[in-house]
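A closer look at the structure
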Amino acid sequence: QKEVEQNSGPLSVPEGAIASLNCTYSDRGSQSFFWYRQYSGKSPELIMFIYSNGDKEDGRFTAQLNKASQYVSLLIRDSQPSDSATYLCAVNNNDMRFGAGTRLTVKP
Amino acid sequence: NAGVTQTPKFRILKIGQSMTLQCTQDMNHNYMYWYRQDPGMGLKLIYYSVGAGITDKGEVPNGYNVSRSTTEDFPLRLELAAPSQTSVYFCASSSGGAFTGELFFGEGSRLTVL
């Protein structure tokens, strides 16, 4: 069984802080990893993807991947109230498995 | 471009009724997917298609059927609706290989079975 696990939260951070979202996966053959943001009542939208071990930065967002530990994370720097949403981790190995998501609240 | 369009956005069904959720994409993507999302749960793959005429089961296909007669359309058919099918359904599409790139999602269809 391929599992993708996330802490459901809610994770609450003050505006301007760093939000750290974590995801673990069970299938060692997984090849690519995605972070989607989903606002309440809306559809998911891609924020970042990462294929190789290490860090990948895009603006305020950094994705980190450690395949040996089967762990992927998303850091959001200078968090804004508009970042308040549910963040879904998705893992690809011949299909796309999603975690249940972590609900993030950024307080002004 | 409209992207991925789903209809209807909301629907209430009685137990045992059938219906079709429509999905159309105008991005000329070969790959299309149907997911369901239950409260507090991740997206679960129902069916997917790698091109016109080709479909395959995902993680939770029971109670559903699909067809892919054109590149643009990928309808999801619910036969004999059951309360367990109450969910939000998302259609998605992608280019490149199956599941290898960004999924573009429709706005979702919220289905309630009473």
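Here the structure is a predicted model, which is why all the values come from computation and not from measurement. (Residues numbered from 1 in each chain as written. Chains lettered and ligands numbered in written order. Predicted model: local features only at pLDDT ≥ 70, side-chain atom pairs only at ≥ 80, totals over all residues. Heavy atoms only, no water.)

**Considerations on the overall build of chain A**
We apply this condition: A run of H or I in DSSP becomes a helix once it reaches four residues, and a run of E becomes a strand once it reaches two; helices and strands are each numbered from the N terminus. Values of the radius of gyration come from C-alpha atoms, whereas the globule rule sets the reference at 2.2 Å times the count of residues to the power 0.38. Exposure classes here rest on a 1.4 Å probe applied to the protein chains alone. A residue is buried below 20% of its type maximum, exposed above 50%, and partly exposed in between. Pairs of residues are marked as contacts when any of their non-hydrogen atoms sit within 4.5 Å. Where accessible areas are quoted, they stem from the Shrake-Rupley method and a 1.4 Å probe; at the residue level, only the protein chains shown are allowed to cover. Counted as positive: Lys and Arg. Counted as negative: Asp and Glu. His and the chain ends are not counted at all. For charged residues, the charge sits on one atom: NZ in Lys, CZ in Arg, CG in Asp, CD in Glu.
Along its length, chain A carries zero helices and eleven strands. In terms of C-alpha radius of gyration, chain A reaches 13 Å, essentially the compact-globule figure of 13 Å for 108 residues. Overall, the C-alpha framework of chain A stretches about 40 × 30 × 20 Å when taken along its three principal axes. Taking all 108 residues of chain A together, the buried fraction comes to 45%. For chain A, the proportion of contacts with a sequence separation of at least 24, taken over those separated by at least 6, is 53%. When the accessible surface of chain A is split by element, carbon and sulfur atoms take 46% of a total near 5100 Å². Here chain A holds 11 positive side-chain charges and 11 negative ones, and the gap between their average locations is 3 Å.

**Some remarks on the nonpolar core**
All names here are of chain A. Here is the rule we go by: Among buried residues, the Ala, Val, Leu, Ile, Met, Phe, Trp, Tyr and Cys ones that are joined through side-chain atoms within 4.5 Å form a nonpolar core.
Within the largest apolar cluster, 23 residues are counted, with the highest numbers of intra-cluster contacts made by Trp 35, Val 72, Leu 74, Ile 76 and Tyr 87. Elements that contribute at least two residues to this core include exactly β3 (19-25), β4 (32-38), β5 (45-50), β7 (61-66), β8 (71-76), β9 (85-92) and β11 (102-107). Contact partners of Val 72, with chain neighbours within four places excluded, come to Leu 21, Asn 22, Cys 23, Phe 33, Trp 35, Ile 50, Gln 64, Leu 65 and Cys 89.

**Some details on the state of the cysteines**
All names here are of chain B. Convention followed: For this text, the term disulfide refers to a pair of cysteine sulfurs within 2.5 Å.
One pass over the full model with this rule turns up two disulfides over all chains. Cys 23 shares a disulfide with Cys 91; S-S distance 1.9 Å. Taking the torsion about the sulfur-sulfur bond, which here is approximately -75 degrees, the covalent link between Cys 23 and Cys 91 counts as left-handed. Separated by 68 residues along the polypeptide, Cys 23 in strand β3 (residues 19-25) and Cys 91 in strand β9 (residues 87-94) bring together distant segments of the chain.

**Section: the pairing of strand β1 (residues 4-7) of chain B**
Residue and element names in this part refer to chain B. Going by this rule: Strand pairing is defined by DSSP finding a minimum of two bridges between the two strands.
Only one face of β1 is buried, namely the one carrying Val 4 and Gln 6, since none of Thr 5 and Thr 7 on the opposite face is buried. With four bridges connecting them, β1 and β3 associate as antiparallel partners. Considered in β3, the bridge of Val 4 is made with Gln 25.

**Examining the interface of chain B and chain A**
Note the following rule: For salt bridges, the criterion is a side-chain nitrogen of Lys or Arg within 4 Å of an Asp or Glu carboxyl oxygen. We call two N or O atoms a polar contact when they sit within 3.5 Å, provided that within protein one can donate a hydrogen and the other can accept it, with sequence-adjacent residues counted only if both atoms are side-chain atoms.
In this complex, chain B contributes 16 residues to the contact, which on the side of chain A involves 19 residues. Joining chain B to chain A, the criterion identifies one salt bridge. The residue B:Glu59 makes a salt bridge to A:Arg97 at a minimum N-O spacing of 3.2 Å. The interface formed by chain B and chain A holds five residue pairs in polar contact (both at pLDDT 80 or more) in total.

**Digging into unusual backbone geometry**
The omega torsion across A:Gly9 and A:Pro10 is 10 degrees, close enough to zero to call that bond cis. Across the junction of B:Thr7 and B:Pro8, the peptide omega takes the value -5 degrees, indicating a cis bond. Positionally, B:Pro8 belongs in the loop between β1 and β2 (10-13). Residues other than glycine seldom take positive phi values, yet A:Gln70 does so here, at roughly 55 degrees.

Read these as spatial facts, not as claims about activity.
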